[in-house]
Amino acid sequence: MNRNIRQHKVSQTAWVMRVAIIGVWGAMTALGQGTNSQLPAERTLREAAGKRLLVGCAVATVDLQDAKLATLIAEQFGCLTPEYELMPEHLVDADGKFTFARGDAVVAFAEKHRMPVFGHMLVWHFVTRKWLFEGRDGKPLPCEKALENLKSYIVAVTGHYKGKIKAWDVVNEALSDKEGEYLRETPALRAIGGDYIEKAFEFARAADPDAELYYNDYNIEQPAKLAKTRRLIRDLKAKGVRIDAVGIQGHWLLDWPPAEMIGTGIEALAAEGVKVMITELDVDPLPRDTSGADMAVTEKGANPYPDGLPSILQERLARRYGEIVAAVLKHPSVTMLGFWGTHDGRSWLNDFPVKGRTNHPLLFDRQCRPKPALDSVIKALESGR
Ligand code: XIL
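Being a predicted model, the structure only gives us computed values, none of them experimental. (Residues numbered from 1 in each chain as written. Predicted model: local features only at pLDDT ≥ 70, side-chain atom pairs only at ≥ 80, totals over all residues.)

Caption draft 1: Expanded view of the overall build of the chain. Within the chain one finds 13 helices and nine strands. Expressed as a percentage of the 385 residues in the chain, the buried residues total 44%. Excluding contacts between residues fewer than 6 apart, the proportion of contacts in the chain whose partners are at least 24 apart in sequence is 77%. (Helix = DSSP H or I, 4+ residues; strand = E, 2+ residues; numbered from the N terminus. Buried ≥ 20, exposed ≤ 12 C-beta atoms within 10 Å, placed from the backbone. Contact = placed C-beta atoms within 7 Å.)

Caption draft 2: Representation of the packing of helix α12 (residues 311-329) against helix α13 (residues 372-383) within the structure. The interhelical angle for the contact between α12 and α13, taken along N-to-C directions, is 20°, at an axis separation of 8 Å. On the basis of their axis angle, the class for α12 and α13 is roughly parallel. Crossing handedness for the pair α12 and α13: right-handed. Residue-level inspection shows Gln314, Glu315, Leu317, Ala318, Arg319, Tyr321, Gly322, Val325, Ala326 and Leu329 of α12 in contact with α13, the latter providing Pro372, Ala373, Asp375, Ser376, Val377, Lys379, Ala380 and Leu381. In the contact of α12 with α13, the residues fall into 11 nonpolar, three polar and four charged. (Axes fitted to C-alpha atoms, helices over the stretch in contact; angles between N-to-C directions. Parallel < 35°, antiparallel > 145°, perpendicular 65-115°, else oblique. Left-handed = near helix turned anticlockwise from the far one by under 90°. Nonpolar A, V, L, I, M, F, W, Y, C, P; charged D, E, K, R; others polar.)

Caption draft 3: Looking closely at helix α7 (residues 143-160). For α7, with 18 residues, the first-to-last C-alpha span of 26 Å sits near the 26 Å given by 1.5 Å per residue. Of all the residues in α7, the buried ones are Ala146, Leu147, Asn149, Leu150, Tyr153, Ile154, Val157 and Thr158. The buried residues of α7 occupy an angular sector of 160° when the element is viewed end-on, so they sit on one face. Among the exposed residues of α7, those pointing more than 90 degrees away from its buried face are Glu144, Glu148 and Gly159. (Expected span 1.5 Å × (residues − 1). Arc of directions from axis to C-beta.)

Caption draft 4: Just the nonpolar core, in detail. If you look at the biggest cluster of nonpolar residues, it comprises 99 residues, and the most contacted ones within it are Val170 and Ala200. At seven residues, α12 tops the list of elements feeding residues into this core. (Core = buried A, V, L, I, M, F, W, Y, C linked by C-beta atoms within 7 Å.)

Caption draft 5: The arrangement of the site of the ligand in detail. In the region of the ligand, the neighbouring residues are Glu83, Tyr84, Val127, Asn172, Gln249, Glu280, Ala293 and Trp348. Residue composition of the shell around the ligand, grouped by class: four nonpolar, two polar and two charged. (Near = placed C-beta within 6 Å.)

Caption draft 6: Structural detail: unusual backbone geometry. With an omega dihedral of -10°, the bond running from Trp256 to Pro257 counts as a cis peptide bond. Mapped onto the elements of the fold, Pro257 is located in the loop between β7 (251-253) and α11 (259-270). Cis geometry marks the peptide bond from Phe352 to Pro353; its omega dihedral reads -10°. With phi around 50°, Arg114 is a residue other than glycine that occupies positive phi space. Structurally, the position occupied by Arg114 is in the loop between α6 (101-112) and β3 (118-123).

Caption draft 7: Geometry of the confidence of the model for the chain. Of the residues in the chain, 89% have a pLDDT of 70 or more, and the chain-wide mean is 91. pLDDT under 50 marks residues 1-39. Its contacts with residues more than four places away, or in other chains, come to 31 contacts. (pLDDT = per-residue confidence, 0-100.)

Caption draft 8: The packing of α7 against helix α9 (residues 196-207), seen in detail. The geometry of α7 relative to α9 is characterised by a closest axis approach of 9 Å and an angle of 35° between their N-to-C directions. Crossing angle aside, the handedness with which α7 passes α9 is right-handed. In contact with Leu147, Leu150, Lys151, Ile154, Val155, Thr158 and Gly159 of α7, α9 contributes Tyr196, Lys199, Ala200, Phe203, Ala204 and Ala207. In the contact of α7 with α9, the residues fall into nine nonpolar, two polar and two charged.

Caption draft 9: Spatial organisation of the pairing of strand β1 (residues 54-59). With six of its six residues buried, β1 lies for the most part within the structure. Neither face of β1 is open: one carries Leu54, Gly56 and Ala58, the other Val55, Cys57 and Val59, and all of them are buried. As defined by bridge partners, β1 adjoins strand β9 (residues 334-339) across four bridges and the pair is classed as parallel. When the sheet's bridge partners are listed, Cys57 is paired in β9 with Phe339. The pairing of β1 with strand β2 (residues 79-82) spans four bridges and is classified as parallel. (Pairing = 2+ DSSP bridges.)

Caption draft 10: Here's a closer look at the pairing of β9. β9 sits mainly inside the fold: five of its six residues count as buried. Inspection of the sheet shows strand β8 (residues 275-284) paired to β9 by three bridges, in the parallel sense. Each bridged residue has a counterpart across the sheet, and for Ile278 the counterpart in β9 is Leu337. In terms of handedness, the path from β8 via α12 over to β9 forms a crossover that is right-handed. (Right-handed = clockwise from strand over helix to strand, strands pointing away.)

Caption draft 11: Region of interest: the environment of Ala74. With respect to the helices and strands, Ala74 occurs in helix α4 (residues 67-76). Judged by C-beta crowding, with 21 C-beta atoms within 10 Å, Ala74 ranks as buried. Spatially, the C-alpha atoms of Ala74 and Arg46 are 9.6 Å apart, while their sequence positions differ by 28 residues.

Caption draft 12: Just the environment of Ile165, in detail. Checked against the element boundaries, Ile165 lands in the loop between α7 and β4 (167-172). Once the C-alpha coordinates of Ile165 and Ala211 are considered, the two residues, 46 residues apart in sequence, prove to be 6.6 Å apart. Setting aside residues no more than four positions away along its own chain, Ile165 makes contact with Val117, Gly119 and Ala211.

Here it is as structure tokens:
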């Protein structure tokens, strides 16, 4: 597609912002400080995606308090996912008292900019209050009590955000990474049994019938966990539970998984009769021993690029993003592509799986300057429409 043909009217503010970026860009490059080899793309991600799919990012209130970043988010993206402020540990305290202020701030920003919000998440074994499923002694609560807690938590949160959240990740990362084990051993599983998944969907459906409900996980495009995900979708459907989509997190590496595997995974999930979202896309360009996003994993490793990613890797990252987006867009079942953050300074990969590294996985650098990866994603979006 000819990139010079403008199909969307760009607002004046958007243009002022873009001219400003180009100005700063020019100055940085003239001073020899620019790390990027290309001019910023002419179009935004949202414009490049057009009506094909929503392009989103994870944000927290701290991002929105930074005026420059908030403008960039509003201009570039078409939907938002609160990065952590809707997680149970952030919404409810150890005594069961709810505080919605921060989550509300992200939702209000999204509303103001007419961006649908994808709610992350209702049930996870991480960033969650122990009292939901465990007694003070660390032992699983009796099933009835744990179910009651699960229900009241889901009703409180989905009720508070009713009509404001387009879709909820109802259950996050319930599948086991271990060969031969279906579900991950979690406090919810120990207290309730495998039924906790269908119950969570049922409670959420009853509390907010208009929200779409998703199952979200990492590595599920890869054969071992793909089979378990298909089984989970079938199990839920066999029990009459409606599941609208599966979210493939998409925490990927420069060379893993292959783009063909991503495509095959999406196809197989769609064949089960669900939509497929890419919910947490980022590409880790630093050396790692493990792939995926198991929060329990920690690695020791060097911090090889504290002053910026060498241009050869910057280009590899851009090519990898281009190949991923092209692979994803081949599948009409994918209607949302969300990046897990905006700029490198705010990526969770600065602390995972190695703590305290300077990582460079996103489309904008620490100064919010566009990286070659941005241009590459925009081109892939334009040609994939
Ligand atoms: C991470 C967030 O980015 C962090 O801010 C938070 O402290 C922990 O979670 N898979 C998920 C996301 O589903 O919730 C994780 O995000 C990254 C891995």
